[in-house]
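# Structural characterization, general
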Amino acid sequence: MSYWKHESAIVDEGAQLGEGTKVWHFAHVSPGARIGAGCSLGQGVYVGNDVLIGKGCKVQNHVSIYDAVTLEDEVFCGPSMVFTNVYNPRAAVVRKHEYRRTLVKKGATLGANCTIVCGSTIGEYAFIGAGAVVQKDVAPHALMVGVPARRIGWMSRHGERLQFDAAGLASCPATGERYRLNGEHVELIS
């Protein structure tokens, strides 16, 4: 076994977990799940069958990653954040054939208690604030807050807020990486 799991965790036969991944207390990984190397699944995490998790992801306590969700590499899921997979659920109506796929791209952060409504794509290095409700696609590097979530700024790859000058240029305060704001998109230039 190339991964580690706490004795209270359940990893169903057929699940694929990468080298060095850790599965903590009372977590449950379903048989069809595919999880990359170096991930951490916190206490009480649930991972469904039709779930793909890239390498280096951190899934904090009490997050359920339901079928039709994909996390690319180095995604952070804050404590108790929520994914959905059916847009209009009813207990008495089976809608498994209506799952809407959700894609969270590389390096994105999903803050504590935020909700990602199914069918959304969260762009690379986007930052969803705690408690926000995302109902539509999010641009790469966007800083989103509120209910419904709205963009209030832009974030660097390092997770620092970017302050653009009149020419549309900014530097990450932590790394010095340079970014350009081009309309509603941010691009790394150095």
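Details of the structure are given in the entry above.
Sequence positions are assigned chain by chain, starting from 1 and proceeding in written order. Local features in this predicted model are restricted to residues whose pLDDT is 70 or higher, and side-chain atom pairs enter the listing and the counts only when it is 80 or higher, whereas totals over whole chains, interfaces and linings include all residues. Calculation of side-chain values draws on the structure's entire complement of heavy atoms; hydrogens and water are dropped beforehand.

### Description of the overall build of the protein
Spelled out, the test is: Secondary structure elements follow DSSP: runs of H or I no shorter than four residues count as helices, runs of E no shorter than two count as strands, and numbering proceeds from the N terminus. Each radius of gyration is computed over the set of C-alpha atoms, and the globule rule expresses the reference value as 2.2 Å times the number of residues to the power 0.38. Type-normalised accessible area, obtained with a 1.4 Å probe on protein chains alone, sets the label of each residue: buried when under 20%, exposed when over 50%, and partly exposed for intermediate values. Contacts are assigned to residue pairs with any non-hydrogen atoms lying within 4.5 Å of each other. Note on areas: Shrake-Rupley with a 1.4 Å probe; residue coverage comes only from the protein chains shown. We treat Lys and Arg as the positive residues and Asp and Glu as the negative residues; His and chain ends play no part in the count. All charge positions are set by atom: Lys at NZ, Arg at CZ, Asp at CG, Glu at CD.
Scanning the protein from terminus to terminus reveals zero helices and 25 strands. Taken against the 2.2 N^0.38 rule, which gives 16 Å for 190 residues, the C-alpha radius of gyration of the protein at 17 Å falls within 12% of a compact globule. The principal-axis extent of the C-alpha atoms belonging to the protein is close to 55 × 40 × 20 Å. Going through the 190 residues of the protein one by one, you find that 42% of them count as buried. For the protein, the share of sequence-separated contacts (at least 6 apart) that also reach a separation of at least 24 residues comes to 15%. With the model as given, the accessible surface of the protein reaches about 9,500 Å², and the carbon-plus-sulfur share is 49%. The positive charge centre, built from 19 side chains, and the negative charge centre, built from 17, are 5 Å apart in the protein.

### Points about the nonpolar core
The line we're drawing: What is meant by a nonpolar core is a set of buried Ala, Val, Leu, Ile, Met, Phe, Trp, Tyr and Cys residues, joined one to another through side-chain atoms within 4.5 Å.
By size, the foremost hydrophobic cluster in this structure holds 46 residues, and its most contacted members are Val29, Leu71, Phe83, Leu110 and Ile122. Of all the secondary-structure elements, those providing two or more residues to this core are strand 9 (51–53), strand 12 (69–71) and strand 21 (142–145).

### Here we look at the sheet that holds strand 6 (residues 34–35)
Put simply, the rule is: A pair of strands is considered paired only if DSSP assigns at least 2 bridges between the two.
Reading across the sheet, the six strands line up as 3-6-9-12-15-18 and stay open at both edges, with parallel pairing between neighbours. With one partner strand each, in any of the chains shown, strand 3 (16–17) and strand 18 (121–122) form the two edges of the open sheet.

### A closer look at the pairing of strand 22 (residues 150–154)
Alignment of strand 21 against strand 22, held across four bridges, turns out to be antiparallel. Directly across from Val145, in strand 22, lies its bridge partner Arg150. Counting the residues that bridge the hairpin from strand 21 to strand 22 gives four residues, and of these Gly146 lies at a positive phi of roughly 95°.

### Considering the environment of Glu160
Inspection of the secondary structure assignment puts Glu160 in the loop between strand 22 and strand 23 (169–171). Sequence spacing of Glu160 and Ser171 is 11 residues, and the spatial spacing of their C-alpha atoms is 9.6 Å. Excluding anything up to four places from it in sequence, Glu160 contacts Trp154, Met155, Cys172, Pro173 and Ala174.

### Side note on the side chain of Glu177
The line we're drawing: In protein, a polar contact means a hydrogen-donor-capable atom and an acceptor-capable atom, both N or O and within 3.5 Å, with residues adjacent in sequence counting only if both atoms are side-chain atoms; elsewhere, any N or O pair within 3.5 Å suffices.
Position of Glu177 among the secondary structure elements: in the loop between strand 23 and strand 24 (178–182). In terms of polar contacts, Glu177 uses its side chain to reach the side chain of Tyr179, at 2.8 Å. When residues no more than four places from it in sequence are discounted, the contact partners of Glu177 are Arg157, Ala170, Ser171, Cys172, Leu188 and Ser190.

### Examining unusual backbone geometry
In the segment running from Val147 into Pro148, the intervening peptide bond is cis, with an omega of -10°. Looking at the element boundaries, Pro148 is found in the loop between strand 21 and strand 22. Although it is not a glycine, His62 sits at a positive phi angle of roughly 65°. For His62, the position within the fold is in the loop between strand 10 (58–59) and strand 11 (64–65). By relative accessible area, which is 45% here, His62 ends up partly exposed. Backbone geometry at Tyr125 places phi at a positive 60°, although glycine is not the residue there.

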